[in-house]
Amino acid sequence: MIELFLSQILNGLVIGFVYALIALGFSLVFGVANIINFAQGALLMLGAYITFTLVRVGAPILVGIPVAIAVTTIAAMLIERLALRPLQNAPYIAPLLSTLAIAIIFDSAAELIWSSEIQSFPSPLSRYVVFIGSAYLTGVDLAIMVVSLTVMAGLTLFLSRTWLGNAMRATAQDPEAAAQMGIDVPKIRQISFGLAGALGAIAGVLIGMYYLSVFPQMGIPFGLKGFSAALLGGLSSIPGAIVGGLLLGVFESLASGYVGEGYRDIIAFSILLLVISFRPHGLFGKKSLDALGGATGASGGIPTTSIVASMAGSTGRTKWRLFEAPLPVLLAVLALFAFLPLVTGSNYILQVGVQAAVYAVLAVSLTLLTGAAGVVSIGHAAFFGVGAYVAALSTVNLGIDAELAILFAGVGGAVFAAVLYAPTIRLSGHTVALATLAIGQIVYLLFLNWIDVTRGPMGIPGVPRPDLGLIGISMRSLTAQYWQALVLLGIAVTIAAVCLNSPIGRIWRAIREDRLAAHASGIPVPRYLILAFVVSGFLAGLAGAQFAFLQNFVSPDSFTIDTSIIIISMIVLGGLGNVTGALIGGVLLALLPEVLREFAEYRMIAYGAVLLLLLRFRPQGLAGTR
């Protein structure tokens, strides 16, 4: 028993050091540039693959690692210069999504260059073993500890003993004052990205050596773990990143040893959620950074919860003309699309139409929560998945009619949203974003591991398309499903438009702009945020039911963080808090992969590039932010 405990602690500390290195990258960038860099995981993957490639062509690994660090450092600095610096006056959410788009491009490019298969990574130290009682450490474990401690000590000395380090700390504390003292703030921010890239490359090589493998998607899970570790310790705190990484590694390892490997990540994300709920600024973070805008919020002096405020202190909304069609016009357009099956008999076009309608409903549901109420949700796929599984289980096990199955799915999504997200109501900014991300990951892992109910990775096949019981119409044809999807989209648009044009919508926007002022004026903020979750969850549940009927199959793979990222990209593309914009963004991004289908190998790269360009040149969305 003691041996198992000791082994798990040692294993946890080893992988925890790697998480700490990744977390340091997040903390450096957030502390200096106030940006959450989700491309950090992609940089990690890039560093590992460059080392792997050089070793494969015959170079010693000790030559490959410095080259990988140099290339990744340059790549990170180019990301800051070309993709993020131009977004300085854009809403806060734009740089965050840009880093997600960059991660998509990097991951897809890696699949093209190195294939999507898992490949063996050289690990010459793995054959050495050191016993500590009945536990043991491999040469790789010891190398990870030594390298990590050396890097951390070097980084600490760099930040505290060099002029450049002091300049970075000054920029992190007050960029305007730093600029007045002669510090080149943009250059310092670029250097912080470079350092984060170097840390990512080192972490990527250590991960490759630890797991003896590399694969293009490795950046997503390890990037999430690093981000979680950074927030656990305090997102802007260097010591916090180290402690957060070690704690996360130990928690994970103990969960794996005593509960089971399948629940390793569930317990890790659950602990993270608890910490965020009770100490949202992390173990070593500052309370002043609870809000998304941090100390440089919209007013320049007061932290703000507004996701549409920019780092330059402007809301930006007045610069762009708002395009928002009245509800009757939107419903009339949907009615025109109802004639599509009479114009074309192509099942492919109808299937794409149903998919576009499903994603449009999802975009409308999220624009209520994120666009109007200002709650950044990176776990919206969880609502979607709950609705899909409720509809699938209802029809497969109970054989109920379509109306009831869809209603159950909507209610399931609403109840799930209200109950599971209630503890996060008092959170704002990046903390609520991570809380929703953690909940989304927990729900995805439950879909994957709760085999008795969800059948795990095998999914639920043979989901029937139930008839409409009230009027006795068969809904088994694709044409019927198309019309059903349009009706659900019409319901979603009506509910969203009525809410946004009512006092409820105005109160949501007031909470988004300044939660503290809304609370001070007597608005029961938690009650209205719960309402936003309930309505959003209900609509996402409807979309999940239609998705299950369209695919005749549900599995966890459809409800990953990638899906959440796509949905949030849709509402930013269309314009936050704008139903017309949500429809435009949802339909365009749903159709884009189909338009690029002829370039199947490159379509995800093109998808990321298009998203990046849109955020660069139209950060307020095509229809404008309401």
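Fair warning: this is a prediction, and the values are worked out from it, not measured in the lab.

Student: Talk me through the overall build of the protein; I want residue IDs and the actual numbers.
Tutor: For the protein, the helix and strand inventory stands at 25 helices and 6 strands. At 24 Å, the protein has a C-alpha radius of gyration in line with the 25 Å of a compact globule built from 626 residues. Each of the three principal axes of the protein carries a C-alpha extent, and together these read 70 × 55 × 45 Å. The long-range fraction of contacts in the protein, counting pairs at least 24 apart against all pairs at least 6 apart in sequence, stands at 78%. A total of about 24300 Å² of accessible surface is found on the protein, and carbon and sulfur atoms cover 68% of it. Side-chain charges of the protein comprise 30 positive and 25 negative groups, with the mean position of each set lying 10 Å from the other.

Student: Now, about the pairing of strand β3 (residues 135–138): what can you tell me, with residues and values included?
Tutor: Two strands pair when backbone bridges link them, and strand β2 (residues 129–132) and β3 are joined in this way by 4 bridges, in the antiparallel orientation. Among the inter-strand pairings, valine 129 is bridged to a residue of β3, identified as threonine 138. Here β2 hands over to β3 after 2 residues, with glycine 133 in that stretch at a positive phi of 65 degrees.

Student: Tell me what's going on with the pattern of salt bridges, and back it up with residues and numbers.
Tutor: Under the defined criterion, the tally for this structure stands at 4 salt bridges. Measuring nitrogen to oxygen at the nearest pair gives 3.0 Å for the salt bridge that ties arginine 85 to glutamate 80. Accessibility expressed as a relative area gives 4% for glutamate 80, which makes it buried. In this structure, the salt-bridge partner of glutamate 513 is arginine 512, at a minimum N-O distance of 3.1 Å. A relative accessible area of 2% means that arginine 512 is categorised as buried.

Student: Summarise the environment of threonine 344; cite the residues concerned and give the values.
Tutor: Inspection of the secondary structure puts threonine 344 in the loop between α13 (340–343) and α14 (347–372). Within the structure, threonine 344 has its side chain in polar contact with the backbone nitrogen of serine 346 (distance 3.1 Å).

Student: Quick rundown of helix α9 (residues 219–233)? Include the residues and the values.
Tutor: Here α9 contains 15 residues, and its C-alpha end-to-end distance of 21 Å stays within 8% of the 21 Å for a straight helix at 1.5 Å per residue. Trailing α9 by a residue or two, glycine 234 shows a phi angle of about 120 degrees, which is positive.

Student: If you had to explain the side chain of asparagine 578 to someone new, which residues and values would you point to?
Tutor: Relative to the helices and strands, asparagine 578 resides in the loop between α23 (561–574) and α24 (579–595). Here asparagine 578 falls in the buried class, since its relative accessible area comes to 0%. Once you skip the residues sitting within four places of it in the chain, asparagine 578 turns out to touch Leu322, Phe323, Glu324, Thr367, Ala623 and Gly624.

Student: Explain unusual backbone geometry to me, and be specific about the residues and the numbers.
Tutor: At serine 115, a residue that is not glycine, the phi angle is positive and equals roughly 75 degrees. Assignment of secondary structure puts serine 115 in the loop between α4 (93–114) and β1 (119–120). Looking at serine 115, the relative accessible area reads 30%, which means it is partly exposed. At asparagine 552, a position not held by glycine, the phi torsion is positive, near 60 degrees. Relative to the elements of secondary structure, asparagine 552 occurs in the loop between α22 (525–551) and β6 (553–554).

Student: Before we move on, could you go through a nonpolar patch on the surface and cite the residues and values that matter?
Tutor: On the surface, Leu404, Leu407, Phe408, Val411, Val415 and Val419 cluster together to form a nonpolar patch covering roughly 500 Å² of accessible area. Relative to the helices and strands, valine 419 resides in helix α16 (residues 402–421).

Student: Give a detailed account of the packing of α14 against α23, specifying residues and quantitative values.
Tutor: With their axes 9 Å apart at the nearest point, α14 and α23 run at an angle of 75 degrees to one another. By the angle between their axes, α14 is roughly perpendicular relative to α23. Counting all contacts with α14, which are made through Tyr359, Leu362, Ala363, Leu366, Thr367 and Thr370, the residues of α23 involved are Ile567, Ile568, Met570 and Ile571. Looking at side-chain class alone, the contact of α14 with α23 contains 8 nonpolar, 2 polar and no charged residues.

Student: Go over helix α10 (residues 238–258) with me, naming the residues and quoting the values.
Tutor: For the α-helix, the turn length of 3.6 residues means that residues three or four positions removed from each other point alike. For α10, with 21 residues, the first-to-last C-alpha span of 31 Å sits near the 30 Å given by 1.5 Å per residue. Just past α10, the residue glycine 260 takes up positive phi, approximately 140 degrees.

Student: Describe the packing of aromatic side chains, naming the residues involved and giving the relevant values.
Tutor: By the definition in use, this model includes 13 aromatic pairs. Centroid distance phenylalanine 383 to phenylalanine 416: 5.9 Å. Interplanar angle 80 degrees. Geometry classified as edge-to-face. Of this pair, phenylalanine 383 sits in helix α15 (residues 381–398) while phenylalanine 416 sits in helix α16; the two residues are 33 residues apart in sequence, bridging distant segments of the chain. The same class applies to phenylalanine 383 as to phenylalanine 416, namely buried. Put simply, the rings of Phe384, Tyr389, Phe447, Phe547 and Phe559 pair up and form one aromatic cluster.

Student: Kindly report on the confidence of the model for the protein, identifying the contributing residues and their values.
Tutor: Mean pLDDT over the protein works out to 85, with 93% of the residues at or above the 70 mark. Contacts for the low-pLDDT stretch residues 288–304, under 50 throughout, to residues beyond four places or in other chains number 45 contacts.

Student: So what's going on with the packing of helix α1 (residues 2–33) against helix α6 (residues 163–173)? Which residues, and what values?
Tutor: Remark: α1 packs on α6, axes separated minimally by 6 Å, with the N-to-C direction vectors making an angle of 60 degrees. In terms of axis orientation, α1 runs oblique to α6. Seen from α1, the contacting residues are Leu28, Gly31 and Val32; seen from α6, they are Met168, Thr171 and Ala172. By residue class, the composition of the contact of α1 with α6 is 4 nonpolar, 2 polar and no charged.

Student: Could you give an account of the environment of alanine 110, with specific residues and numbers?
Tutor: Looking at the element boundaries, alanine 110 is found in helix α4. With a relative accessible area of 1%, alanine 110 lands in the buried category. Apart from residues no more than four positions distant in its own chain, alanine 110 is found in contact with Met45, Ser115 and Pro216.

Student: Lay out the environment of glutamine 190 with the relevant residues and their values.
Tutor: Note that glutamine 190 resides in helix α8 (residues 185–211). In the structure, glutamine 190 is positioned 269 residues away from glycine 459 in sequence and 45 Å away in space, judged by C-alpha atoms. Those residues in contact with glutamine 190 that sit more than four places away from it in its chain are Met77, Glu80, Arg81 and Arg85. A polar contact of 3.2 Å, which involves the side chain of glutamine 190, links it to the backbone oxygen of methionine 77.

Rules used throughout
- Just so you know, the residues in each chain are numbered from 1, in the order the chain's sequence is written.
- Predicted model: local features are reported for residues with pLDDT of at least 70 only, side-chain atom pairs are reported and counted for 80 or more only, and whole-chain, interface and lining totals are derived from all residues.
- Neither water nor hydrogens contribute to the side-chain values; these are computed over all heavy atoms in the structure.
- For helices the rule is a DSSP run of H or I covering at least 4 residues; for strands it is a run of E covering at least 2, with both sets numbered from the N terminus onward.
- Taken over C-alpha atoms, the radius of gyration is set against a globule rule of 2.2 Å times the number of residues to the power 0.38.
- Contacts: residue pairs with any heavy atoms within 4.5 Å of one another.
- With residues, only the protein chains shown are counted as cover, and all accessible areas are computed by Shrake-Rupley using a 1.4 Å probe.
- Charge counting treats Lys and Arg as positive and Asp and Glu as negative, with His and both chain ends excluded.
- One atom stands in for each charge, and that atom is NZ of Lys, CZ of Arg, CG of Asp or CD of Glu.
- Two strands are said to pair when DSSP picks up at least two bridges between them.
- Basic side-chain nitrogens of Lys or Arg form a salt bridge, by our definition, when they fall within 4 Å of a carboxyl oxygen of Asp or Glu.
- When a residue's accessible area, from a 1.4 Å probe over protein chains only, is under 20% of the maximum for its type it is buried; when over 50% it is exposed; and in between it is partly exposed.
- N or O atoms closer than or at 3.5 Å make up a polar contact, with two conditions inside protein: a donor-capable atom paired with an acceptor-capable one, and, for residues adjacent in sequence, both atoms drawn from side chains.
- Here, expected helix span is obtained from the residue count minus one, scaled by 1.5 Å.
- What goes into a patch is any residue over 30% in relative accessible area without a salt bridge, connected to like charges within 9 Å or, for nonpolar side chains (Val, Leu, Ile, Met, Phe, Trp, Tyr), within 5 Å.
- Only the stretch in contact is used when fitting a helix axis, every axis being a line fitted to C-alpha atoms; angles between N-to-C directions are given from 0 to 180 degrees.
- For classification purposes, angles smaller than 35 degrees are called roughly parallel, those larger than 145 roughly antiparallel, those between 65 and 115 roughly perpendicular, and all remaining angles oblique.
- For this scheme, ten residues count as nonpolar: Ala, Val, Leu, Ile, Met, Phe, Trp, Tyr, Cys and Pro. Four count as charged, namely Asp, Glu, Lys and Arg, and the remainder, Gly too, count as polar.
- Between 30 and 60 degrees the pair is tilted, below 30 it is stacked and above 60 it is edge-to-face, where a pair is any two Phe, Tyr or Trp rings, Trp via its six-membered ring, whose centres lie within 6.5 Å.
- Confidence scores here are pLDDT values: one per residue, from the predictor, ranging 0 to 100.

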